[in-house]
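This is what each chain is made of:
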Amino acid sequence: MTASTSNHTFDEPATPSIPISRPDQFGRVVIMSATPSEPSGMFPARIEVGEPFTVTAQIFIEGRVHTGATAILRDQHGIERQCVAMDCINPGLDLWKTYLQAGKPSNFKPWDTDYTEVRRELGEWSVTLEGWEDTYASWLDDARIKVKVGDDIDNVLISGSQLLTRWSQHDDAHLEAHQQATLREAAQCLADTSLAPEERLNAADNPTISTLHETNPLRDGLTTSVPQRFRVERPASSFSAWYQFFPRSEGAYRNPETRDIIQGTLATSFAGLDRAKAEGFDVVYLPPICPIGVTNRKGRNNTLVAQQGDPGSPFGIGSSLGGHDTVDPLLGSMEDFKAFCDYAHKLGLEIALDFALQCSPDHPWVKQHPGWFRHKPDGTIAFAENPPKKYQDIYPIDFNIDMPGIEHETERVMNLWIESGVTIFRVDNPHTKPVRFWQDVIEKVQRNHPEILFLAEAFTRPAVMRALSFAGFTQSHSYFPWRNTKDEVAEYLQTTNSDEAYYQHNTFWPTTPDILTDYLRDNGPQGHKVRAVLAAMGSPSWGIYNGYELVENRQQEGREEQADNEKYEIKVRDWSKTDEYGIATLLTELNRIRRSHPACRSYHDLTMLWTSDPNVVAFARHIPSNLCHTDTGATPEDNTKVYGDTLITVVNLDCQSAHTSEVNFDPALLGLPRDRVFSVHDELGGEEFTWSSNNKVTLDPSKRAAYIFRVSGPGEQ
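Residues numbered from 1 in each chain as written. Predicted model: local features only at pLDDT ≥ 70, side-chain atom pairs only at ≥ 80, totals over all residues. Heavy atoms only, no water.

A. Spatial organisation of the sheet that holds strand 6 (residues 87-90). Strand order in this open sheet of four strands is 1-3-7-6, and the pairing throughout is antiparallel. Strands with a single pairing partner mark the edges of an open sheet, and in this sheet they are strand 1 (30-35) and strand 6. Going from strand to strand, the sheet's axes swing by 35 degrees on average, the running direction of each strand aside. When strand 1 meets strand 3 (residues 52-60), the two strands line up antiparallel, connected through four bridges. Of the residues in strand 3, the one forming a bridge with Met-32 is Gln-58. (Pairing = 2+ DSSP bridges. Helix = DSSP H or I, 4+ residues; strand = E, 2+ residues; numbered from the N terminus. Axes fitted to C-alpha atoms, helices over the stretch in contact; angles between N-to-C directions.)

B. Spatial organisation of the confidence of the model for the protein chain. In this model, the protein chain carries a mean pLDDT of 93, and residues with pLDDT of at least 70 account for 96%. Under a pLDDT of 50 for its full length, residues 1-6 has, in the predicted model, ten contacts with residues more than four places off or in other chains. Between residues 631-637, whose pLDDT stays under 50, and residues either more than four places distant or in other chains, the model counts 15 contacts. (pLDDT = per-residue confidence, 0-100. Contact = heavy atoms within 4.5 Å.)

C. Spotlight on the pairing of strand 25 (residues 606-611). Bridge analysis of strand 25 against strand 26 (residues 616-623) gives four bridges, and the strand direction is antiparallel. By the bridge assignment for strand 26, Leu-606 is matched with Arg-621. What sits between strand 25 and strand 26 in their antiparallel hairpin is a turn of four residues. Bridge count between strand 25 and strand 28 (residues 659-664): two bridges; the pairing is antiparallel. Each residue of the ladder has a partner; that of Thr-611, found in strand 28, is Val-663.

D. Highlighting the pattern of salt bridges. Per the counting criterion, the structure on display carries 38 salt bridges. Between Lys-146 and Asp-142 there is a salt bridge; the shortest N-O distance is 3.6 Å. With Lys-146 and Asp-142 both in helix 2 (residues 135-149) and four residues apart, the pair spans about one turn of that helix. The exposure class of Asp-142 is partly exposed, given its relative accessible area of 26%. Of the charged contacts in the structure, one is a salt bridge between Glu-250 and Arg-275, with a shortest N-O distance of 2.5 Å. Taken together, the residues Glu-250 in the loop between strand 11 (240-244) and strand 12 (253-254) and Arg-275 in helix 7 (residues 270-278) connect sequence positions 25 residues apart. The same class applies to Glu-250 and to Arg-275, which are both buried. Several salt bridges share partner residues, and in doing so they unite Arg-300, Arg-554, Asp-564 and Glu-569 into one network. (Salt bridge = Lys/Arg side-chain N within 4 Å of Asp/Glu carboxyl O. Buried < 20%, exposed > 50% of the residue type's maximum accessible area, 1.4 Å probe, protein only.)

E. Region of the structure containing the UniProt feature "binding site: alpha-maltose 1-phosphate" (unreviewed entry) in the protein chain. Under the present numbering, the feature "binding site: alpha-maltose 1-phosphate" (unreviewed entry) in UniProt falls on Lys-298, Gln-358, Asp-393, Asn-429, Lys-567 and Tyr-568. Those annotated residues lining the second largest cavity are, specifically, Lys-567 and Tyr-568. Within the structure, the side chain of Lys-298 is placed 2.6 Å from the side chain of Asn-302, a separation counted as a polar contact. Within the secondary structure, Lys-567 sits in the loop between strand 24 (541-545) and helix 15 (583-596). When its relative accessible area of 8% is taken as the criterion, Lys-567 is described as buried. Discounting chain neighbours no more than four positions away, the residues touching Lys-567 are Phe-246, Arg-248, Gly-312, Ser-313, Pro-314, Phe-315, Pro-513 and Asp-514. Of note is the side chain of Lys-567, whose polar atom sits 3.0 Å from the side chain of Asp-514. (UniProt positions renumbered as here; feature names shortened; annotations may be inferred. 1 Å grid on protein atoms, 1.4 Å probe; cavity = no way out; pocket = protein on both sides within 12 Å on 5 of 7 lines; lining within 4 Å. Polar contact = N/O pair within 3.5 Å; in protein donor to acceptor, adjacent residues only side chain to side chain.)

F. A look at the layout of surface pockets. The computed volume of the largest pocket comes to approximately 1,200 Å³. The wall of the largest pocket is formed by 48 residues, among which Asn-386, Tyr-391, Asn-429, His-431 and Thr-432 lie closest to the centre. Contributing elements (two or more residues each) for the lining of the largest pocket: strand 17 (384-386), strand 18 (389-391) and strand 20 (424-428). Top element by residues in the lining of the largest pocket is strand 17. It accounts for three residues. (Points joined across faces, edges and corners; volume = space filled by probe spheres on them.)

G. Looking closely at the domain arrangement of the protein chain. In terms of domain boundaries, the protein chain breaks down into domain 1 (30-134 + 223-233), domain 2 (136-217), domain 3 (264-597) and domain 4 (599-714). Here the C-alpha centroids of domain 1 and domain 3 sit 34 Å apart. Buried surface at the junction of domain 1 and domain 3, both sides included, amounts to about 1,600 Å², of which 57% is carbon and sulfur. Our count for the contact surface shared by domain 1 and domain 3 stands at zero salt bridges. The tally of links between domain 1 and domain 3 comes to nine residue pairs in polar contact (both at pLDDT 80 or more). Looking at the side of domain 1 that touches domain 3, the elements that each hand over two or more residues are strand 2 (45-48), strand 3 and strand 10 (228-233). (Domains from an automatic or database assignment. Buried area = accessible area lost by both parts, 1.4 Å probe.)

H. Here's a closer look at the packing of helix 4 (residues 177-191) against helix 6 (residues 207-215). At a closest axis distance of 11 Å, the pairing of helix 4 and helix 6 adopts a crossing angle of 125 degrees. On the basis of the axis angle, helix 4 is oblique to helix 6. In this structure, helix 4 crosses over helix 6, and the sense of that crossing is left-handed. For the pair helix 4 and helix 6, contact is made by Gln-179, Thr-182, Leu-183 and Ala-186 and by Thr-208, Ile-209 and Leu-212, respectively. Class assignment for the residues of the contact of helix 4 with helix 6 results in four nonpolar, three polar and no charged. (Parallel < 35°, antiparallel > 145°, perpendicular 65-115°, else oblique. Left-handed = near helix turned anticlockwise from the far one by under 90°. Nonpolar A, V, L, I, M, F, W, Y, C, P; charged D, E, K, R; others polar.)

I. Here's a closer look at empty space enclosed by the protein. This structure, assessed with the given rule, holds two cavities of 30 Å³ or more. The volume enclosed by the largest cavity comes to roughly 60 Å³. As for the largest cavity, its lining consists of Pro-288, Ile-289, Cys-290, Ile-317, His-324, Leu-353, Asp-354, Phe-355, Ala-356, Val-413 and Trp-417. Only strand 15 (350-355) and helix 10 (403-420) provide two or more residues apiece to the lining of the largest cavity. The element best represented in the lining of the largest cavity is strand 15, accounting for three residues. Per-class residue counts for the lining of the largest cavity are nine nonpolar, one polar and one charged. Lining the second largest cavity, in full, are Asn-302, Lys-389, Tyr-391, Asp-514, Arg-559, Glu-561, Lys-567 and Tyr-568.

Written out as structure tokens, the structure reads:
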């Protein structure tokens, strides 16, 4: 006896796609409010090669019909590199999200032979979002209800039979022959009225069909978004650890007889490179190393009159010995600088050089190009001011007469330093120059040297900082040093690690030669530890000004600036004392943790966690398992294969008293199952704890600055 099937049925039409001919038209499925996005659409989002990032959008179709969504990542050649299903993270707002990764992370440097592999990945990539009516999911919901209550069963099951038959024939589903056969068999069973309704439904409601729905869905009404642009940049554009020192202080010592200071040189500065490498940093940043002017030279602590032996500020660039294209003879020669860079490169360190576009009154440009400077009515050149600060030893550049000429000279000077081994420029006060000037210069420099990165030292208004990022600055100094309370830290961490980071990469420095906050003045070694943890774990890019290891925290009277500022004198340091404070050991550990955890590489994976104590701040970083690649591109062989990489940082901001706080987190937001316990390992102290979604943490400043917990899978020890 053969099974009976319906011979006369009405085939339900599939939801069609609707052509889109204009950017403002909707398709059959609505896709809007995609992120990241920049309002004008002119500037692409920026990510480091291999940096995990997220895209979101509101995607929906009318009524209560189910929707599906996919994100497709294409490289600069238009080749599809990832096709990833999106998840609806807020059905009430139709909000969909997924993680993507443009290539794999790498630590190759521009001078490495294998850097060619990285270079091939760089350029403008795109992400296209696809939305469709999920006809199978909508039908299945309806069929389960009707079979359960016995309502209109034949119609709903025949409808499912037609749907699976159409699915088996749909080219867009990219089904193999055996998968097509599976769907056809299920369709026949659905249409077989001789079977019980439950048996008929089970043919289409089982793990095999569910897997096909996930991997090869039927996509009706398929709609494609306008591609979003992403600029994929080289390693260290987002993820980097900077270390700053003054070469003239490296190796400096006092003459045992005269007590005069004998300054360091580029040759003695190899010791600074060794120290930076030992502490795990990968970028060494130098202030200007050019000749320093004599006219109006500043003395110690920015006094107006220099005394005998005062070296002057390296930012007062230029003398009779040369200008921006010359190495200060007191430091060595250009050949010495090349040897310095070569040694750094052998250690795997990049050299970032400060580019301060300003001149001392003795700079050759003052005579060669007088029109490059603003003159007062009395004919004198105006010195630089940043009230209340005055810089009588510096002439600022005036861009109103010959900006093309200044651009050409800037490009020439930068190329000279690039040829000597510089791969990054830290630009001093770029916000005091036209944004268009930097846009032109960066474009011209990167045309021949696309590997060159730029960091903006721009403590200024948000709009100006953003414009400089649009103009090509890869990273930016930020207001992190002044964010010290729990609310301030939480707000700034979320800002730095938000969609804004697709355009502006904030780099966290606890101190600089110009910045020493009251928090660090008042809290000694413990304060330095707290701020180092927040900087290293709070941003993929962070930096340390040397002397931090020695807790140099004495302020000038009435200023958040170091007393005996190194900008105006040579420091003789006793590096053997670092063990007294433990700061150098902590910096080394923080850089080790950052390198070994993929979640630390991204500006787009931070979640603030609720804490009960007003002095305790906690946050998590998490990326899913498919993005857990190490520096070499290999996937870790541990639990991250299943649960991804999750780090939870807990910090006590009160450096004087112990605090116990509840720390709550929703495991589901971090890709972990709810209602389970987790093993957490403190990456700093090595201790193991068992955590759930609600936990108590005690931090005693006399014992530890913070916990950095690696979360293992549920139930693991």
